[in-house]
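An overview of the molecular structure
Now for the letters of each chain:
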Amino acid sequence: PDMGQERTGPLEVLTQELGQRIQRAVDLRLRADVPVVSYLSGGVDSSLVACLAAESLKARGKKLETFTIRIRHPKLDETDRALTTARQIGTQPHIVECGEEEIGASYPDLVIASETAVIDTSSAALYRLARAVREAGYKVALTGEGADEALAGYPWHKAAKAFGILDRLGLADRWRQRFTGRAGRHRLPW
């Protein structure tokens, strides 16, 4: 079936199908002619991808290298969760430090790389992570990027999905105003 096609059926069957698709996607990306590494944040998406990749590589007698960013802010640091996952899959992640100073220092290169102004500080952290992968001599890295968008993992993705439904019903503008006040009068990107 088409990936964009909505599917229905028993939960067990759909869950198994999703698992098989994710495993196939990871396996396809491991078919590189260079070593493949994985980002590991401690979140569900990157942990799942790293776990599946580690199992596939282990079956071939290889070990997965992982890279984790340590955000120097107590509410944003997921290093402990990433290290727990790393122990489970048998890897010792390369830790990339990132705080206000590193984010600020990364911005000129980040703006050049993205060819636009950047306001999201997480982009600087991901840029530093990618640079660390390259500096370690690797060219291919698996990530969990995109899972939250597809599976509505963050509140803003859930809101975007809800407003998409309201858009189709012609009700979105009224609800945008209600939830965002004056800002709701302007069309939001979702």
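Chains are numbered independently. Their residues run from 1 in the order of the written sequence. Reporting in this predicted model follows two pLDDT cut-offs: at least 70 for local features of residues, and 80 or more for side-chain atom pairs to be given and counted; totals over whole chains, interfaces and linings ignore these cut-offs and use all residues. Side-chain metrics in this entry use all non-hydrogen atoms of the structure; hydrogen atoms and water are not considered.

**Section: the sheet that holds strand 3 (residues 94-98)**
Only strands joined by at least two bridges in the DSSP assignment are considered to pair. Helix and strand definitions here come from DSSP, where helices need a minimum of 4 consecutive H or I residues and strands a minimum of 2 consecutive E residues; each element is numbered from the N-terminal end. The four strands are arranged 3-2-1-4 in an open sheet whose pairing can be described as parallel. Every interior strand has two partners, whereas the edge strands, strand 3 and strand 4 (140-142), have only one. Pairwise comparison of adjacent strand axes, ignoring direction, gives a mean angle of 30° for this sheet. Here strand 2 (residues 66-71) pairs with strand 3 via five bridges, running parallel. Note that in strand 3 the partner of Arg70 across the bridge is Glu97. Contact criterion: two residues are considered in contact whenever any of their non-hydrogen atoms come within 4.5 Å of each other. Between N-to-C directions, angles span 0 to 180 degrees; the directions come from axes that are lines fitted to C-alpha atoms, helices contributing only their stretch in contact. Where helix 2 (residues 44-59) meets the sheet, its contacts fall on strand 1 (36-39) and strand 4, and the angle it forms with strand 1 comes to roughly 155°. Strand contacts of helix 3 (residues 79-89): strand 2 and strand 3, with the helix running at about 160° to strand 2, the strand carrying the most contacts.

**Details of helix 5 (residues 121-135)**
For helix 5, with 15 residues, the first-to-last C-alpha span of 21 Å sits near the 21 Å given by 1.5 Å per residue. In the core, the buried residues of helix 5 are packed alongside strand 1, strand 2, strand 3, helix 4 (100-114) and strand 4. Expected span of a helix, by definition, is 1.5 Å for each gap between consecutive residues, and there is one gap fewer than residues.

**What about the packing of helix 4 against helix 5?**
Taken N-terminus to C-terminus, the directions of helix 4 and helix 5 make an angle of 85°; their axes are 9 Å apart at the nearest point. With respect to their mutual orientation, helix 4 and helix 5 come out roughly perpendicular. Between helix 4 and helix 5, the residues in contact are Glu102, Ile103, Ser106, Tyr107, Asp109, Leu110 and Ala113 and Thr121, Ser123, Ala124, Tyr127, Arg128 and Arg131, respectively. Polar here means any residue other than Ala, Val, Leu, Ile, Met, Phe, Trp, Tyr, Cys and Pro, which are nonpolar, and Asp, Glu, Lys and Arg, which are charged; Gly is therefore polar. Considered class by class, the residues forming the contact of helix 4 with helix 5 number six nonpolar, three polar and four charged. Every angle not falling under 35 degrees, over 145, or within 65 to 115 is termed oblique; those three ranges are roughly parallel, roughly antiparallel and roughly perpendicular.

**As for unusual backbone geometry**
The backbone of Glu115 shows a phi angle near 55°, a positive value even though the residue is not glycine. Note that Glu115 resides in the loop between helix 4 and helix 5. You can call Glu115 exposed: its relative accessible area is 72%. In this scheme, a residue with accessible area under 20% of its type's maximum is buried, one over 50% is exposed, and one in between is partly exposed, where area comes from a 1.4 Å probe on protein chains only.

**A few points about the environment of Ala136**
Secondary-structure assignment places Ala136 in the loop between helix 5 and strand 4. Judged by relative accessible area, which is 39%, Ala136 ranks as partly exposed. Separated by 42 residues in the primary sequence, Ala136 and His94 place their C-alpha atoms 9.4 Å from one another.

**Observations concerning the packing of helix 1 (residues 11-29) against helix 2**
At a closest axis distance of 10 Å, the pairing of helix 1 and helix 2 adopts a crossing angle of 65°. Remark: the crossing between helix 1 and helix 2 carries right-handed chirality. Contact residues: Ile22, Gln23, Val26 and Asp27 in helix 1; Leu48, Val49, Leu52, Ala53 and Ser56 in helix 2. In the contact of helix 1 with helix 2, the residues fall into six nonpolar, two polar and one charged. Two helices crossing with the near one rotated counterclockwise from the far one by less than a right angle form a left-handed crossing, whereas a clockwise rotation gives a right-handed crossing.

**What to know about helix 1**
Since the α-helix advances by 3.6 residues per turn, residues separated by three or four positions end up pointing in the same direction. Spanning 19 residues, helix 1 covers 27 Å between terminal C-alpha atoms, matching the ideal 27 Å at 1.5 Å per step. Among the residues of helix 1, those classed as buried are Glu17, Arg21 and Val26.

**A few points about the confidence of the model for the protein**
The pLDDT score gives, residue by residue, the confidence of the prediction method on a 0 to 100 scale. Per-residue confidence for the protein gives a mean pLDDT of 81; residues scoring 70 or more make up 74%. Below pLDDT 50 for its whole length, residues 182-190 participates in 12 contacts with residues either more than four positions away or in separate chains.

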